[in-house]
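# Observations on the three-dimensional arrangement
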Amino acid sequence: MRVFAYIEHKAGAPDDTAAELQAAAKRIDAAAAPVAIVTGAGAELDAACAAAAEMYSEVWKVGNSALEYPNAELVRQAVVAVVPRGSVVLMPHDHFGIDLAPGLAVKLGAAYVPDVVAIEVVAGTELKAVRQEFGGQVSTHVVADISAGAVLTVRPGAFQAGGAYPAEGGRGTEAREVARGPSHANILDKSAEVGALVAKRRYLGRIAAEAGDVDITRQPLLVSIGRGIQEQDNIAIAEELAEALGAVVSCSRPVVDAKWLPKSRQVGTSGKTVKPKVYLACGISGAFQHLAGLKGNPFLIAINKNPKAPIFQVADVGVVADLLEFLPVLTEKAREMRLTAK
Amino acid sequence: MKILVCVKRVPDTSDNEIELQGDDIRRDDLVYSVNEWDNYAVEEALRITESLEGQVTVVTVGGDDDEEVLRRQMAMGAKEGALLSAGDGLGGAEVAAVLAAYAKKGNFDLILTGVQAEDGCAQVGGMLAALLDWPFASLVNAIEVMGGKLKVWREVEGGDKEINEIDLPCVLSIQTGINEPRYVGMRGIRQVAAVPIPKLGKKELGMSADAAGKVRREGYFVPAVGKGAEMLQGSAGEMADKVMELMRAKGGLK
Ligand SMILES: Cc1cc2nc3c(=O)[nH]c(=O)nc-3n(C[C@H](O)[C@H](O)[C@H](O)COP(=O)(O)OP(=O)(O)OC[C@H]3O[C@@H](n4cnc5c(N)ncnc54)[C@H](O)[C@@H]3O)c2cc1C
Ligand SMILES: Nc1ncnc2c1ncn2[C@@H]1O[C@H](COP(=O)(O)O)[C@@H](O)[C@H]1O
């Protein structure tokens, strides 16, 4: 059984998940050397392969002009063409993995285990992994029969990227030298194994997210509200607090979905990445897509009425309270502080 | 345009504290509702058929308890519902296979699913498409109909949008926020209370007896967590004082 890692890359640079997938692969088989699969076209593909070759002892390069933009339907055809049946294929559980992986598993006749946060054991033809359900409130063990192979999507950030392969693999400087050279001994070109690629879904272009009225990515303090704010009219409660603190209001996705705040205020994978010093999470449960938008290790204070809310597992300080009652108290304190400061 | 929307009844997690009972979750007093993503999908299907023409069918794979979500979505405007009963504890791949068997009988132009179920993992839509050999796009947050094909916007990282053209028939998984789902009152639900909802089993769907699933859930648990948050105690005023002090100490206040 071989383990493959699908490498996402942009402008010739592999994504952070490239190293995390290698850590996940080691959990499946500590001895085996996972193979990186890199698809794409032209100079960007070459650069991505060269970078992957610094991390993985073997890289399969799949080049095709149709793969210049990663259209999941075409990538699927390419991966199905090159990967031997019975393999385990890893990829990140993100906007691309969600697009590609379920159909890939079907076409490979393999088991599909999505959004894996831990791999516990591989015994014989069974793989036991950990997933989370209900927004992280509970976890579950899933057992997959991998005798016909498996596709796993791995939650970004869940596996700590270990040392790159030259450090671990013992081939040290020599391998690194090889990888840096004009031709990489450990890159295998598999492009010829892929036939004509035709898609019923065609990529047309991309539009960048709109910039908003305020830039939440540059604030030292964010008063962030989630579905716990309950009604549009209650947004004012958070805004009053933010004003008294000299801070800005940000939010989780449901607040934007309901059109109570603009998209530019959303923190998370499909919103902004923020790096405040202090993050006040009010009525936010702590879903991973939300937390992934918090960088730079801010001091996280969570206010939630549910003492079991997952956010309390990652927060530094927790307040169990109804935010509609607690935020006004906080606003009063902030105003008092302002007065005494004057 | 004939549109099929796949809907699932799930515990409403934002209103529930999920607790364990043995190795399952405690289900007695959970509040169930239609999966949030699926509600957006039904609304989107209704808007398409209202602006063009056509009909929306809602379908769920489940048991008798699940019929209520079909009624709710029919009260929104879906003309037909179907309950597919194919046994308990099905994994995502098995659910997709049942939906594929149903879809093959129906002459649908378009199938919508939610991006994910609250107790699921964003897999059923993509698997269904692959089983039907139809094109698929996930995370769709806008659709424009253009004759025999669609223009779809996918929401990718950072809220960027990826635009694709996709041939019909196809499967799309719908992201929250694509529209504002209409309100459904008790009256609306009463109006569709008598509409018959066919219940189909594996035999009616022409499916062979059970092929065992490749993936099974072994039970729920609450993971041992790290240090967790320091929980503040005391009156609201005392806790608020402490929060102010911490915000200042950690550099949040100027
Ligand atoms: C592909 C994809 C991308 C996504 N991207 C993002 C993203 O970028 N950002 C994002 O935030 N989400 C994103 N999500 C959604 C994410 O999975 C969660 O659904 C979302 O983060 C939940 O938001 P929430 O915590 O506000 O709501 P919920 O999970 O509903 O939590 C509400 C919380 O409020 C508490 N509460 C309720 N009432 C009160 C009260 N009166 N006082 C105090 N507490 C109260 C509840 O106990 C609960 O913990 C994405 C999902 C997908 C599938
Ligand atoms: N039992 C089911 N019956 C009908 N549709 C389902 C079922 N399970 C999942 N789906 C559909 O597939 C989507 C994704 O679910 P999941 O892959 O379980 O996260 C949901 O939003 C539904 O549209």
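Before any of the text, the structure's been laid out above.
I will try to describe carefully the structure that is included in this document. Note that this is a predicted model, so its numbers are computed, not measured.

### Concerning helix H4 (residues 124-132) of chain B
- In terms of burial, H4 of chain B is largely enclosed, as seven of its nine residues are buried.
- All buried positions along H4 of chain B are accounted for by Gly-125, Gly-126, Met-127, Leu-128, Ala-129, Ala-130 and Leu-132 of chain B.

### Considerations on the pattern of salt bridges
Residue and element names in this part refer to chain B.
- Within the structure shown, the criterion is met by 39 salt bridges over all chains.
- Residue Arg-9 is joined to Glu-68 by a salt bridge in which the shortest nitrogen-to-oxygen separation is 3.2 Å. One end of the pair, Arg-9, is in strand S2 (residues 9-11); the other, Glu-68, is in helix H2 (residues 67-76), with 59 residues separating them in the sequence.
- Of the charged contacts in the structure, one is a salt bridge between Lys-149 and Glu-165, with a shortest N-O distance of 3.7 Å.

### Focus: the sheet that holds strand S17 (residues 299-304) of chain A
- On the basis of which strands lie adjacent, the open sheet formed by six strands has the order S15(A)-S14(A)-S16(A)-S17(A)-S18(A)-S15(B) and parallel pairing. The open sheet terminates on both sides in strands that have one partner only, identified here as strand S15 (248-251) of chain A together with strand S15 (230-231) of chain B.
- Of the strand pairs in this sheet, strand S16 (residues 278-282) of chain A and S17 of chain A are connected by five bridges, and their pairing is parallel. The partner of Tyr-279 of chain A across the bridge, within S17 of chain A, is Leu-300 of chain A.
- Against the sheet, helix H7 (residues 235-245) of chain A engages strand S14 (221-225), S15 and S16 of chain A, with an angle of about 170° to S14 of chain A.

### Structural notes on the interface of chain A and chain B
- Contacts between chain A and chain B engage 80 residues on the former and 82 residues on the latter.
- Counting the surface lost from both chain A and chain B, the interface buries some 7,300 Å², and carbon and sulfur atoms represent 57% of this.
- There are 16 salt bridges connecting chain A and chain B.
- Taken together, the connections running from chain A to chain B amount to 43 residue pairs in polar contact (both at pLDDT 80 or more).
- Element by element, the count of residues in the side of chain A that touches chain B is highest for strand S10 (residues 138-145) of chain A, at eight residues.
- Here the side of chain A that touches chain B is built from residues that sort into 39 nonpolar, 17 polar and 24 charged.

Thresholds applied
- In this convention, every chain numbers its residues from 1, walking through the sequence in written order.
- Chains carry letters from A onward and ligands carry numbers from 1 onward, assigned in written order.
- Residue-level local features of this predicted model are given only where pLDDT is at least 70; pairs of side-chain atoms are given and counted only at 80 or more, and the full residue set underlies all totals for whole chains, interfaces and linings.
- Side-chain metrics rest on all non-hydrogen atoms present in the structure, leaving aside hydrogens and water.
- Whether a residue is buried, partly exposed or exposed follows from its accessible area with a 1.4 Å probe, protein chains only, as a fraction of its type maximum: under 20%, in between, or over 50%, in that order.
- In DSSP terms, a helix is any run of H or I states spanning at least four residues, a strand is any run of E spanning at least two, and both are numbered starting from the N terminus.
- Take a side-chain nitrogen of Lys or Arg and a carboxyl oxygen of Asp or Glu: if they are within 4 Å of each other, that pair is a salt bridge.
- Only strands that DSSP links by at least two bridges are regarded as paired with each other.
- Whether two residues touch is decided by their heavy atoms; if any such pair falls within 4.5 Å, the residues are in contact.
- Note on method: axes are straight lines fitted to C-alpha atoms, helices fitted across the in-contact stretch only, with angles between N-to-C directions ranging 0 to 180 degrees.
- The term buried area denotes the loss of accessible surface (1.4 Å probe radius) that occurs when two parts are joined, taken as the sum for both partners.
- Here a polar contact is recorded for every N or O atom pair within 3.5 Å, except that within protein the pair must consist of a potential hydrogen donor and a potential acceptor, and residues adjacent in sequence are included only if both atoms are side-chain atoms.
- Residue polarity follows a fixed list, in which Ala, Val, Leu, Ile, Met, Phe, Trp, Tyr, Cys and Pro are nonpolar, Asp, Glu, Lys and Arg are charged, and the others, Gly among them, are polar.

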